[in-house]
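Secondary and tertiary structure notes
Residue-level listing of the chains:
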Amino acid sequence: KLLNNYARVIRFDSTDKAMSYADDALATARKLNAEYWIGQSLYSKGMIYSKSGNYQQSIQYFDSTKQIFSKLNKTASLIGCLSYEAEIFKNLGKYSNAIDIFHEVINLSEKTGNIEEEGIAYGDIGNIYGDIEMHREAIDNYEKGLKSFRKLNDTLYMGLVIDNIGYSYNNLKEYSRAKSEYDTAIMFYNKINRSDATAWAEGNLALVLANLKKYNEAWAMIKQTIETAKEKKNMKYLTANNIVAAKIIMLAADSIRNKEINYKSALQYAETGLTQAKEIGNIKQQSFALQFLSEIYEHLKNYPKAFEMQKKYISIRDSISGSNKIQEIAIKDVQFENEKRETVLKTESEAQIKRQKIIKNTIVYGAAILLLSSVVLFIFYKRRKDAQTQQQETELKAEISDIEMK
C-alpha cells in the first residue's frame, strides 16, 4: 500500500522514480499472491504511463486492472480506473468510447456517493465539448464538476476545473475573463505546491496574454513553462507548450523586435510540437500544430507547404469535431439523460407500486383481523349467553323444586 501511494504521489515530479516504486509494489503483491494489490499496482503503472503520455501502454494496464476490480467487486477502485481510461480515450480523440465510460462512471458514482469521481467525469465531458468547439456547453459541464469539488473543498480539482473554464473563455475570445480564471487556478496550484499544474496553466495564460497583446510578458512566461516541462520530463505539457510558443510567436512577430520572435522560430516550435504530439498520440495537439504550421508557411510565402499542412489539419479537425462526431456525442448525451430520467421514473413507479401494495395489504390484513376479531367476539358472546341461559335454567329448576317441596 505504501509503495503504491508513494508511486502515485511522485508521478507528478518523476515518472521514472514513480515507476520504480510501482514495479516494487507489483512484485511484492505477486509474491504475497494478493490479487487486490496486484490490481492496485497495475493501476499505479497505468496512471504513471498516462502521466508520461504513453497512452497505449496505459490502456493495457487499465484493462487488466478493470478485470481484477470487477471480479473482486471493488467498485470505488473500478470507478477510478474507468475515469483514467476514459480520459485517455478522450486524449486520443476517441470521444465515443470516452463518453460511454464517463457515463458509466457518473452512474456508479451516484450510486455509491462518490462525489469526487462524479465531478471528474463532468469535467472530462466538458473537455470533450471543448475539443469539438462547443465551449458554452463545456463551461456548463465544468460548473457541474466545480460544484462537486467545492463540496469536497478539493483545492487541486477546483484549480483544474477553473483552469479549463479559462481555456473555454479564451476560445470564446473573452480574454479578460479567461485571464481571471487562469490567475485563480494558478493561485490554487501554488497553495498546494503543484509546479507541474502551474506550468500547464501558465502556458495557457501565456497565450491569453498574447491575445491581449502583452507579447513580452507572454513570451517570458511560455519559455519558463517549457523549461519546467523539460525538467519534469512531462511530454504532455512540453508538447502543448511548444505549440503554444509557436502561436505566441506568430501573434507577436509583426509587433515587437526580438531575435527569438520570428516566423522561422515559430516554425521550429510548431514542428517540434507536432513531432511530440505524434509520439504521444495526442490528436488534439496535432491538430493545433498543423493549423499553426499552415499559417506560418503562408507568412513565409511557402504556399504549397501551407496548403499541405492545411489539408492535414482539416482531415484531423473533421475526425475530431466533424458534424457526425458532434451528432454522435449529442445523441449519447441525450440517451444518457433519458436513461437517468427513466431510472428516476422507474424508481418512482416502483415506489408508487410498493406504496399501493402496502395500502392493499394493510386493507386486507385489517379486514382479516376485523373478521377474526368479530368471530372471536361472537364466540365469546355466544358462550357467555349460553352460560347465562344455563344458569337461569338451573335457578328456575331450583325454584320449581322449591315450590314443589312447599
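About the cut-offs
- Residues numbered from 1 in each chain as written.
- Predicted model: local features only at pLDDT ≥ 70, side-chain atom pairs only at ≥ 80, totals over all residues.
- Heavy atoms only, no water.
- 1 Å grid on protein atoms, 1.4 Å probe; cavity = no way out; pocket = protein on both sides within 12 Å on 5 of 7 lines; lining within 4 Å.
- Points joined across faces, edges and corners; volume = space filled by probe spheres on them.
- Salt bridge = Lys/Arg side-chain N within 4 Å of Asp/Glu carboxyl O.
- Helix = DSSP H or I, 4+ residues; strand = E, 2+ residues; numbered from the N terminus.
- Buried < 20%, exposed > 50% of the residue type's maximum accessible area, 1.4 Å probe, protein only.
- Expected span 1.5 Å × (residues − 1).
- Arc of directions from axis to C-beta.
- Contact = heavy atoms within 4.5 Å.
- Phe/Tyr/Trp six-rings, centres within 6.5 Å; stacked < 30°, edge-to-face > 60°.
- Lys NZ or Arg CZ within 6 Å of the ring centre and 35° of its normal.

**What to know about empty space enclosed by the protein**
Within this structure, the stated rule accounts for one cavity of 30 Å³ or more. The computed volume of the largest cavity comes to approximately 30 Å³. Along the walls of the largest cavity sit Arg11, Phe12, Thr15, Lys51, Ser52, Lys232, Lys233 and Asn234, which together make up its complete lining.

**Focus: the pattern of salt bridges**
As enumerated under the stated definition, the model contains 16 salt bridges in all. Lys66 is paired through a salt bridge with Asp63; the nearest N and O atoms lie 3.6 Å apart. Here Lys66 and its partner Asp63 are both found in helix H4 (residues 55-71), three residues apart, which amounts to about one turn of the helix. By relative accessible area, Lys66 is classed as partly exposed at 22%. One continuous salt-bridge network, built from bridges that share partners, spans Asp63, Lys66 and Glu85.

**Here's the deal with unusual backbone geometry**
Positive phi is not limited to glycine here, since Lys173 has a value of about 65°. Structurally, Lys173 is set in the loop between helix H9 (155-171) and helix H10 (175-191). Non-glycine residue Asn193 carries a positive phi angle of around 55°. Along the chain, Asn193 falls in the loop between H10 and helix H11 (195-211).

**As for helix H2 (residues 15-32)**
Look at H2: 26 Å from first C-alpha to last across 18 residues, which is about the 26 Å you get at 1.5 Å a residue. What H2 keeps buried is the set Thr15, Ala18, Met19, Ala22, Ala25, Leu26 and Ala29. The arc that holds the buried residues of H2, viewed along the axis, is 120°, so those residues lie on one side. With respect to the buried face of H2, the exposed residues turned more than 90 degrees away are Asp16 and Lys31. For H2, the secondary structure elements touched by its buried residues are helix H1 (2-10) and helix H3 (35-51).

**A look at the packing of aromatic side chains**
Following the criterion strictly, the structure yields eleven aromatic pairs and no others. Pairwise contacts between aromatic rings join Tyr36, Trp37, Tyr43, Phe62, Phe69 and Tyr84 into one cluster. When the ring centre of Tyr36 is taken as origin, the NZ or CZ atom of Lys74, which lies over that ring, is 5.2 Å away. The ring of Phe12 is capped by Arg194, whose NZ or CZ atom sits 3.7 Å from the centre of that ring.

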